[in-house]
Amino acid sequence: MLIPDLRLRLRALGAKPAHESRVLRHWVQALPIEGGKRPLQGWLPKGVMQALPGLMAELDGLLALRSEHAGSDGQSARLLLGLHDGQTVETVLLPRDGVCVSSQVGCAVGCQFCMTGVGGLIRQVGSAEIVAQVVMARRKNPRLKKVVFMGMGEPAHNLVNVLDAITLLGHEGGFAHKQLVFSTVGDERAFAALHAAPVRPALALSLHTTDAAKREHLLPRAPRLSPEQLVEAADAYARASGYPTQYQWTLLDGVNDGPEELDGIVRLLKGRYGLLNMIPFNSAPGLPYTRPSWERARAIAAQLCGRGVLTKLRDSAGQDVEGGCGQLRAREALGRPARVVRIHA
């Protein structure tokens, strides 16, 4: 289901723009359709009101919870969600009231350090399926305030659906626009579309290296923009939107953690309107990389901060349950479930 199709169905039932917005708001904010300070009964057109229970049930059926994997921090959890055609995606409940959603089943970029792209791209996730991930997260955490598009897939390769979801979340969803984060490996079409979008989210740019040849190896099917071009485009968007760019850096032991890379980071990012999120690699079976020690990662982050690049060292939620991005889906496909800890909502 696509959000524009959902809007057309509501209009066909007699909904005016205000009615349409109200129905969508009830869905995205996980509000009951009966009761409340402003009940829908008597306000919505009769045709809309009669169809509403069935429509909401249809929206609830877009996703099915296949398994839930809690992190040891007591705040994060990875959800494996089934789609109507039997495919699965991962959604992550994050600490500090956030959620990370998937925009594709699989991925075409083929990042060498990511399980999601191992099997390539299978299909796009529809805009309503993207929003349904947020609705599920909101039911588990009513305080939800941030949505990051950093799960399975490359959002720039599903641009229309992702921007439709962002627009709905920013208008009817009640999310501050800066709390919607569009993550990308970098794409000229995406940069142009973000500038023109009715809801302009914050930007996260997956950089991972300052060496163009190394980036071509690590991200083999990313657009052939140099690190310098990527940072220029990201910085221009950050200054236009007013939200600092989050530069993403998966820290790979012996690959992108050497002195030449740190010099490159300082050269590219010092003075930019943004910060560097450094995430030690989330170890996965079959991938030829390891993560540096936490002590070494901390020292690298401290060195960069001392040289004028704001750097935040982060950990990837789900490592303690072998649930890094793409791993839950891959393990289910092989019939080897991850260690499961149920969360009681």
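What counts, and at which threshold
- Residues numbered from 1 in each chain as written.
- Predicted model: local features only at pLDDT ≥ 70, side-chain atom pairs only at ≥ 80, totals over all residues.
- Heavy atoms only, no water.
- Salt bridge = Lys/Arg side-chain N within 4 Å of Asp/Glu carboxyl O.
- Helix = DSSP H or I, 4+ residues; strand = E, 2+ residues; numbered from the N terminus.
- Buried < 20%, exposed > 50% of the residue type's maximum accessible area, 1.4 Å probe, protein only.
- Polar contact = N/O pair within 3.5 Å; in protein donor to acceptor, adjacent residues only side chain to side chain.
- Contact = heavy atoms within 4.5 Å.
- Right-handed = clockwise from strand over helix to strand, strands pointing away.
- Pairing = 2+ DSSP bridges.
- Axes fitted to C-alpha atoms, helices over the stretch in contact; angles between N-to-C directions.
- Phe/Tyr/Trp six-rings, centres within 6.5 Å; stacked < 30°, edge-to-face > 60°.

Caption draft 1: Just the pattern of salt bridges, in detail. What the rule picks out here adds up to 19 salt bridges. Between Lys140 and Glu68 there is a salt bridge, with its nearest N and O atoms 3.1 Å apart. Linking Lys140 in helix H4 (residues 127–140) with Glu68 in strand E1 (residues 64–70), this pair joins segments that are 72 residues apart in sequence. Note on Lys140: relative accessible area 26%, which makes it partly exposed. The class of Glu68 is buried, set by a relative accessible area of 3%.

Caption draft 2: Geometry of the side chain of Ser102. Assignment of secondary structure puts Ser102 in the loop between strand E4 (98–100) and strand E5 (104–106). Engagement of the side chain of Ser102 in a polar contact is seen with the backbone oxygen of Glu90, the distance being 2.5 Å. When neighbours within four sequence positions are excluded, Ser102 is seen to be in contact with Val89, Glu90, Val125, Ile130, Gln133, Gly151 and Met152.

Caption draft 3: Geometry of the pairing of strand E8 (residues 180–184). When you tally the buried positions in E8, you get 5 out of 5 residues, the bulk of the element. Where burial is concerned, the two faces of E8 agree: the one with Leu180, Phe182 and Thr184 and the one with Val181 and Ser183 are both buried. In the classification by handedness, the crossover that spans strand E7 (residues 146–149), the intervening helix H5 (residues 159–171) and the parallel E8 is right-handed. Across 4 bridges, the pairing between E8 and strand E9 (residues 202–206) is parallel. Directly across from Ser183, in E9, lies its bridge partner Ala204. Taken together, E8, helix H6 (residues 188–196) and E9 form a β-α-β motif whose crossover is right-handed.

Caption draft 4: Local environment of the sheet that holds E7. Spatially, the 10 strands line up as an open sheet ordered E1-E2-E3-E4-E7-E8-E9-E10-E11-E12, and their pairing is mixed. Both outer strands of the open sheet, E1 and strand E12 (311–313), are each paired with one neighbouring strand and no more. Each strand axis lies, on average, 20° off the axis of its neighbour in the sheet, ignoring direction. The pairing of E1 with strand E2 (residues 77–82) spans 6 bridges and is antiparallel. Each bridged residue has a counterpart across the sheet, and for Glu68 the counterpart in E2 is Leu79. Packing of H5 onto the sheet brings it into contact with E7 and E8, and relative to E8 it is tilted by some 165°.

Caption draft 5: Structural detail: the packing of aromatic side chains. This structure, assessed with the given rule, holds 1 aromatic pair. Measuring from ring centre to ring centre gives 6.2 Å for Phe281 and Tyr289, while their planes differ by 75°; the resulting arrangement is edge-to-face. Residue Phe281 is classed as buried on the basis of its relative accessible area of 1%. With a relative accessible area of 13%, Tyr289 lands in the buried category.

Caption draft 6: Here's a closer look at the side chain of Thr209. Within the element layout of this structure, Thr209 appears in the loop between E9 and helix H7 (212–218). We classify Thr209 as buried; its relative accessible area is 0%. Within the local environment of Thr209, its side chain forms a polar contact with the side chain of Glu261, the two groups lying 2.5 Å apart.

Caption draft 7: Structural view of the environment of Asp187. By secondary structure assignment, the location of Asp187 is in the loop between E8 and H6. Asp187 gets classed as buried once you look at its relative accessible area, which sits at 5%. Separated by 124 residues in the primary sequence, Asp187 and Leu63 have C-alpha atoms spaced 29 Å apart. Beyond its immediate sequence surroundings of up to four residues, Asp187 is in contact with Ala156, His157, Pro223 and Leu225. Among the polar contacts made by the side chain of Asp187, one reaches the main-chain amide nitrogen of Arg189 at a distance of 2.8 Å.

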